[in-house]
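# Architecture and fold: a report
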Amino acid sequence: MRLSTSSSERVAVAESSVPGAAAKNFFPSALGLLALVLAVPLLAGHEIGRHYRPQPLAPSAAQVDAADRFVSLFGNSRFDAGIDPLALKHQLSSGTVVDVVAYIGGGWDALHFLNLAMLQKDVLRPDRDVVLIEVSPLSLNDADVNNRMGVIRPEAANAVATLPSLPLEMRLDVALGKYVGLYRYRQSVQSNLLWSKWESLNRRLEPLLLRLGLVGAARHPKPFELRTAAGRNWVIEGIVGDRAAFVATNRPRLEHDVGELRFGGYKWEGLTRAVTALRARHIEVYLLELPMSHWLEGKLHATPAWRDFRSSVTRLSEQTGAHFLGDWPVGLSDEALYWDEEHMVAATTEQFTRVLGDRLAALRPAQDVR
C-alpha cells in the first residue's frame, strides 16, 4: 500500500481543487466542442446543397439569344392559374420570335421577385426583353412573414437580407441559406426527392396496413374535394361536391387575411428595388395586377392598404417607366371563373391569357419588339 505522495502530485491535487482552475480547463474545451457541433452540420449541409441541382431561376444566354424577344414572368400561384405561357408566346409571336418563360412558385411574393430580378437583370437584353411581375396587396403584405425564404439564391441573398425593416428572423433565414445549400433547398429536396420515395413506400405498405386495420375509408365523407387540372400541378379544375361548404370555409379565412394586410414596408421596398434594377438595364417591365372575384375585390378595395398600393404602383410606374396593367373587363371578375375567389379555374386561363396578350400587343407595336 502506498502511504505517501510526491510534492508534484500534491501540487496537482491542490490545483485541481481550486474552482477557477477547473473553469479554465472547461471553457476552452466547451467552446471547441460547440464549434465542432456547429461546423459539422454546416459543412455537411453546404456540401450536400452544392451537389443538388435546383430548378433554374434565370434563363441561359443561349435561351435568350434564340428569341427576338424574351418575356420572363415573375409570379406565384395566381400567375400559374391565370396565364398560359405557351399560349401567350404564340399570341405575341406575330412576325417575330418571342419566347415566354414562367418563373413561378406557390406563395411567392415581392421578395422572391427581387431574387429573380437580381438573377436575371444581367442575362436579359436591354431595350429588347420584357419582365412581367405580379403585383397585389396580397403579395406585398408585410404581415406575411417567413414565406419560403429558402428559395433565395446566394447571388441575391444580400439584396434581400439588407432590405430595411426586414424582420430579424428572415434576415437570419436568408443568411443561413446563402451559405448552407441543404438548408436553402430543404423544401425542394423534400418535395422533389423524398416525397416520391415516401409515396412509393406507402403504396408497398398499404396492403399490410389495410389487413391490420390501420388505414381505411374515411368514417365521414368530405363534403367537397378540389380537383386538380391534368398536367397543371396545383391549378384547380373545379370543386367536386358541396361548393357552399367550401365557400363557408374559405371566405372567413380570406376576410381575416384582408383585415391583417400591411402595406408599404420591406416588401414594397423589395419590389421597388427589383423594378429599379431592371429598368436601370433598360429592360421593359410590366406590373400586372390580376383580376379576382367581385367578392374579394370588394373586400380588398375597401382597405387603406389597397388604396396605398394603387397610388404607390402608379407613382413607381411613372418614376421608372414601368407599365401598370390593371382594371380588367368586369366580366373577368365573375365569381364562376374562380375556385377560391383569387385563383382562376383551369378553364379560365385561356380566356385571361388572350386578354392579356391583347393588352401587351396594344402597348407596344409589333415592329418594336425586335
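Quick look at the structure, then. Small disclaimer: the values here were computed from a predicted structure and weren't measured.

So, how was this worked out
Residues numbered from 1 in each chain as written. Predicted model: local features only at pLDDT ≥ 70, side-chain atom pairs only at ≥ 80, totals over all residues. Heavy atoms only, no water. Helix = DSSP H or I, 4+ residues; strand = E, 2+ residues; numbered from the N terminus. Contact = heavy atoms within 4.5 Å. Areas by Shrake-Rupley, 256 points an atom, 1.4 Å probe, with all protein chains shown as cover. Expected span 1.5 Å × (residues − 1). Buried < 20%, exposed > 50% of the residue type's maximum accessible area, 1.4 Å probe, protein only. Pairing = 2+ DSSP bridges. Polar contact = N/O pair within 3.5 Å; in protein donor to acceptor, adjacent residues only side chain to side chain. Axes fitted to C-alpha atoms, helices over the stretch in contact; angles between N-to-C directions. Left-handed = near helix turned anticlockwise from the far one by under 90°. Nonpolar A, V, L, I, M, F, W, Y, C, P; charged D, E, K, R; others polar. Parallel < 35°, antiparallel > 145°, perpendicular 65-115°, else oblique.

### Observations concerning the overall build of the protein chain
When you go through the protein chain residue by residue, the secondary structure sums to 15 helices and 7 strands. Of the contacts formed within the protein chain by residues at least 6 apart in sequence, a portion of 80% connects residues at least 24 apart. For the protein chain, the exposed area adds up to about 20,000 Å²; of that, 59% sits on carbon and sulfur atoms.

### Quick word on helix 12 (residues 266-280)
An ideal rise of 1.5 Å per residue puts 21 Å on 15 residues; helix 12 measures up with 21 Å between its terminal C-alpha atoms. Among the residues making up helix 12, those that are buried are Y266, K267, W268, G270, L271, T272, A274, V275, A277 and L278. Against strand 1 (69-75), helix 6 (110-120), strand 3 (130-134), helix 8 (168-179), strand 6 (284-288) and helix 14 (304-320) lie the buried residues of helix 12. Positive backbone phi, at 60°, marks H282, one or two positions downstream of helix 12.

### Concerning the pairing of strand 2 (residues 98-104)
With 5 of 7 residues buried, strand 2 is to be regarded as a mostly interior element. With 7 bridges joining them, strand 1 and strand 2 adopt parallel strand pairing. By the bridge assignment for strand 2, G75 is matched with I104.

### Some points on helix 6
Counting buried positions over the 11 residues of helix 6 gives 10, a clear majority of the element. For helix 6, the complete set of buried residues consists of A110, L111, H112, F113, L114, N115, L116, A117, L119 and Q120. Tucked inside the fold, the buried residues of helix 6 contact strand 1, strand 2, strand 3, helix 7 (154-161), helix 8 and helix 12. With a side-chain oxygen positioned 3.0 Å from the backbone nitrogen of L111, the residue opening helix 6 is D109.

### Structural notes on the packing of helix 5 (residues 85-92) against helix 15 (residues 349-363)
For any two helices packed against each other, one specifies the inter-axial angle together with the distance between the axes. Axis separation between helix 5 and helix 15 bottoms out at 9 Å; the angle between their running directions is 35°. Regarding helix 5 and helix 15, the two cross each other, and that crossing is right-handed. Together, A87, L88, Q91 and L92 of helix 5 and T353, R354, L356, G357, D358 and L360 of helix 15 make up the contact between the two elements. Grouping the constituent residues of the contact of helix 5 with helix 15 by class yields 5 nonpolar, 3 polar and 2 charged.

### Notes on the packing of helix 12 against helix 14
Relative to each other, helix 12 and helix 14 sit at 20°, their axes nearing to 11 Å. Comparing the axis directions of helix 12 and helix 14 gives the class roughly parallel. For helix 12 against helix 14, the interelement crossing comes out right-handed. Contacts from W268, T272, V275, T276 and R279 of helix 12 reach helix 14 at S312, V313, L316 and T320. Residue composition of the contact of helix 12 with helix 14, by class: 4 nonpolar, 4 polar and 1 charged.

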